[in-house]
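Okay, here's what each chain looks like letter by letter:
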Amino acid sequence: MSNTSDTRPAPESFLEAARAEEPAQSGKGKLKIFLGASPGVGKTFSMLEEARTQKRSGLDVVVALVETHGRAETAGLLADLEILPRRRVDYKGQVLGEMDLDALLARKPDIALIDEFAHTNAPGSRHPKRWQDVMEVLDAGIDVLTTLNIQHIESLNDTVAQITGVRVQETVPDAVLARADAIELIDLPPEDLIRRMKEGKVYMPQQVGRALENFFNKGKLTALREIALRTTAGRVDADMLAFMSANAVQGPWPAEERLLVCVNEAPVAKSLVRAGKQMAERMKIPWIVATVLTPRHEGLNATARAARQDAMHLAETLGAETATLRAESDAAGEILRFARARNVTRLVVGRARWPRGLVQRAISLLREPVSEKLLDGATDFEVVVITASAQDQEKRRAPGFTAPVLGWSRLGGAALESCIAIALATAFAWPFWSWLPVASIAVIYLVAVQVVAFRHGLTGALLGSLIGFLAYNFFYTEPYYSFAVEQYEAVLGLVVFVVSSVVTGFLESRLKAQIESMRSAQARTETLFDFARKIASATKSDDVLWAAAAHGAKVLEARTLIMTPDRSGTLEQVQGHPSIEDHLDPAALGAARWAYEKAEPAGAGTGTLPNSEWLFVPLATAGRPFGVIGVRFHDLKRATDPEMKRLLMAVEDQVAVAIERNRLADDLATARIAAESDKLRAALLNSVSHDLRTPLVSIVGAASTLAERGESLSAGDREALALTALDEARRLDSYVQNLLDMTRLGHGDLKPNRAPVDLKEIIGRVRADLARVLRHHEIDIRISRDVPMLDADPVLIGQALANVLDNAAKYAPEGSTISIAAEARDGQAVITVSDAGPGIPEGDREKVFDLFHRATRGDGAPGGTGMGLAIVRGLVEAHGGRVDAGVGTDGRGARLTLRLPLAPPAAEEAP
């Protein structure tokens, strides 16, 4: 077998390289962590030595914070380094010294030394954790050297607590550890560390005895040392794999042992998995279980497919990493490519012992010799071959486990169609046999064999070749109508025919399997695409869940169920296909609850409540699950099928993302509404505090003057004060009326009491009510004679006109003219109010009708609540009309146009 493969770098490596270059391109600093198994191994000492080396090379090095713990040798290394003063923090009567983050950022050295990466800062600090301070320092472009003990890594917290009996509270997230550009392990044998303890080089003498009795005994130190070595080795191994992927290095590089177990549908698959588990446990190495799906996988019978599924499920249960690979035909080549990409050093493969009969031997020759190809191609791996046991061999012979390559379950149909096809080929060739060469007759039979092979795969190819051979020999080779062969040339021709039939039939069957596999994959892709399109257009969570239940039932060929918690936290059914289940047994409910609470699959085909008929997986994105989706297969063995699990997880992921998207959209809409409410509330408070207070002040002032000095004032002064109080009271009443109208409009409670009304009467009444407001302006009223009665509420339209005229009077200069015009146009009354004021900017002509909006006028402009024109639009639109703003007469001032419905002619003529 050729070992040639794609020598190009993996595409993922370019993404990793881009991420690695991001800190340099964005000016971020680099992080180096000195990692130790326990205190006292020399992390700070090594960090200071590194800092002195960097300073001698010309870099600017500053000690932001280093804890010497009273160790003289550590303090001696600080002599030649610049040390920033600590920030003093008062906490419960004590003065604590913390790193001065602002001083460090202002100093901005090339390298900063920050000891004890996992330290918790004193209350009142900018960040609660020191590693957060370090992240800010890195973002500022400063390189950082820091120290960390293995027990402070978040993912190892439980492991360390189990070993030492002490749970560390100060931890660093693993994601932050992955951010480090370099990790240097500071290792010290337990014996040397204990000796340093006794010499007083780690803790003060009075603390040594207790430390040796508890944390610092040899057994615990050895275990912590192993964890530290494995953690660092894992980081180094990941870096090595990234380098190999980026540089297209053809592995394996046996830097770390890694085991790959290769399984298929053979009964020996489970034995391979168990053997792989034992090897990995003995060698304490990571292990992977992989299977390869080829087009022939679609044609496997249920027993063979179940054998593969059970083996993969067993591997997951035993803690292996599982991988499902795909290949057109070369399964061995795909396994070797995967093994080299994962830097595997040892392969475990199985080899079945087929029965020794003639037919079975022929079958074994036609099977793809995966184990043999692996042995030939795995020149750079250690290969362990495990043969089938006697028990596995009996399973192979059992009636339920038929040879998957031949597909014996369809043998009868293939034999019948082979006989028919060969009979038709014989009948077709009969008229031509006397003048066509015998070799040409063989081509007709080959076509028949291909047809049968395409319909029935290799089974049809073999049967068609056999029956075609017999017919060809019987009818068209001498002696005719006999199976005897006399001529040497005829023997050779028959051999060529058989070989050609088998080869072409085999290729035809493989083509058929590939086409079926492509159709199946295309169908799954189309259904997933259709589902993604449906949920993308769904705006409600209920629509998404319904689409998920229907699509899952269609794709998985099973019953589906979706459950979400109610207000009390109890899971309840919200969607189901073909319908919601009337009753779920306790096992199913327990599996659903487990999947929801633990965010792990439970039920059929899992290690939790496997006796349940339902398989539940959690619906979750980055946060807590918000529900579960359940599936009940008609054949429970399909619950362990990796393909079914992948499809189910694909559906689950799309549903979770769609639900999360809808929730984010709802949250955004809620936040937008809240922001608008806050804006309206603030504007309303401003209006109440200023615009409503102003007339109250005037009224109180006038009333208090009349009460205190009324007798000493002249009659004219008293009348002026009374009129002032009256005007301001009317102004206040107008503001309150506007607030009430706006509230009614907002709640949809404003119902116009419409009736035929004369526009002239409304304008006359409004002009009289606003006599004092309009006293400094000329009013020009021009109403066309053909304007009929309005179909309107006279009180509400009067309020709208009053607000328009009041707005015009505010901004038009004294002595100017305010024009009111009305005409009938397009079945509506068109009323325009124009003034000679500064006008409304073009960009504000629509915004002036927004609540609390005021057009930009400059300093000295009259104030207002910003509600008047908003109320005008609300009142007019409540009548089915329209209002807009524009430029006044002769291109000066502002013009507001109200369009209101006219009363029907019959209503006008009514008495």
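The paragraphs below set out a description of the structure included in this document. (Residues numbered from 1 in each chain as written. Predicted model: local features only at pLDDT ≥ 70, side-chain atom pairs only at ≥ 80, totals over all residues. Heavy atoms only, no water.)

### Some points on the pattern of salt bridges
Here's step 1: Tallied over the full model, the rule gives 27 salt bridges.
Here's step 2: Of the charged contacts in the structure, one is a salt bridge between Arg126 and Glu136, with a shortest N-O distance of 2.5 Å. With Arg126 in the loop between β6 (111-114) and α5 (130-139) and Glu136 in helix α5, this pair connects stretches of sequence that are 10 residues apart.
Here's step 3: Ionic pairing is found between Arg342 and Glu321, a salt bridge with its closest N-O pair at 2.7 Å. Residue Arg342 is located in the loop between α13 (331-341) and β12 (346-351), and its partner Glu321 is located in strand β11 (residues 321-326); the two are separated by 21 residues in the primary sequence.
Here's step 4: Residues participating in the shared-partner salt-bridge network are Lys32, Glu50 and Glu184. (Salt bridge = Lys/Arg side-chain N within 4 Å of Asp/Glu carboxyl O. Helix = DSSP H or I, 4+ residues; strand = E, 2+ residues; numbered from the N terminus.)

### Overview of the sheet that holds strand β20 (residues 778-783)
Here's step 1: Read across the sheet, 5 strands follow the order β20-β22-β23-β25-β24 without closing on themselves; strand pairing throughout is mixed. Edge positions in the open sheet fall to β20 and β24 (882-887), since each of these has one partner strand only. For this sheet, the mean inter-axis angle between neighbouring strands, taken without regard to orientation, is 15 degrees.
Here's step 2: Bridging between strand β22 (residues 817-825) and strand β23 (residues 828-834) involves 7 bridges; their strand directions are antiparallel. (Pairing = 2+ DSSP bridges. Axes fitted to C-alpha atoms, helices over the stretch in contact; angles between N-to-C directions.)

### Some details on the pairing of β23
Here's step 1: Across the 7 residues that make up β23, a large majority, 6, are buried.
Here's step 2: Counted between consecutive antiparallel strands, the loop separating β22 from β23 contains 2 residues, among which Asp826 sits at a positive phi close to 55 degrees.
Here's step 3: Bridge count for β23 against strand β25 (residues 894-901) is 7 bridges, and the pairing is antiparallel. Residue pairing for β25: Thr832 is matched across the bridge by Thr897. (Buried < 20%, exposed > 50% of the residue type's maximum accessible area, 1.4 Å probe, protein only.)

### Overview of helix α6 (residues 157-164)
Here's step 1: Listed as buried for α6 are Asn157, Val160, Ala161 and Thr164. Relative to the axis of α6, the buried residues are bounded by an arc of 100 degrees and lie together on one face. When the buried face of α6 is taken as reference, the exposed residues oriented beyond 90 degrees from it are Asp158 and Gln162.
Here's step 2: Once α6 finishes, Gly165 follows within two positions and takes phi at roughly 80 degrees, a positive value. (Arc of directions from axis to C-beta.)

### Regarding unusual backbone geometry
In terms of backbone geometry, most residues other than glycine have negative phi values and most peptide bonds are trans.
Here's step 1: Note the cis peptide between His577 and Pro578, where omega equals 5 degrees.
Here's step 2: Positionally, Pro578 belongs in the loop between β15 (571-577) and α21 (586-598).
Here's step 3: Positioned with a positive phi, Ala599 is a non-glycine residue whose angle comes to about 55 degrees.
Here's step 4: Ala599 sits in the partly exposed class, given a relative accessible area of 43%.

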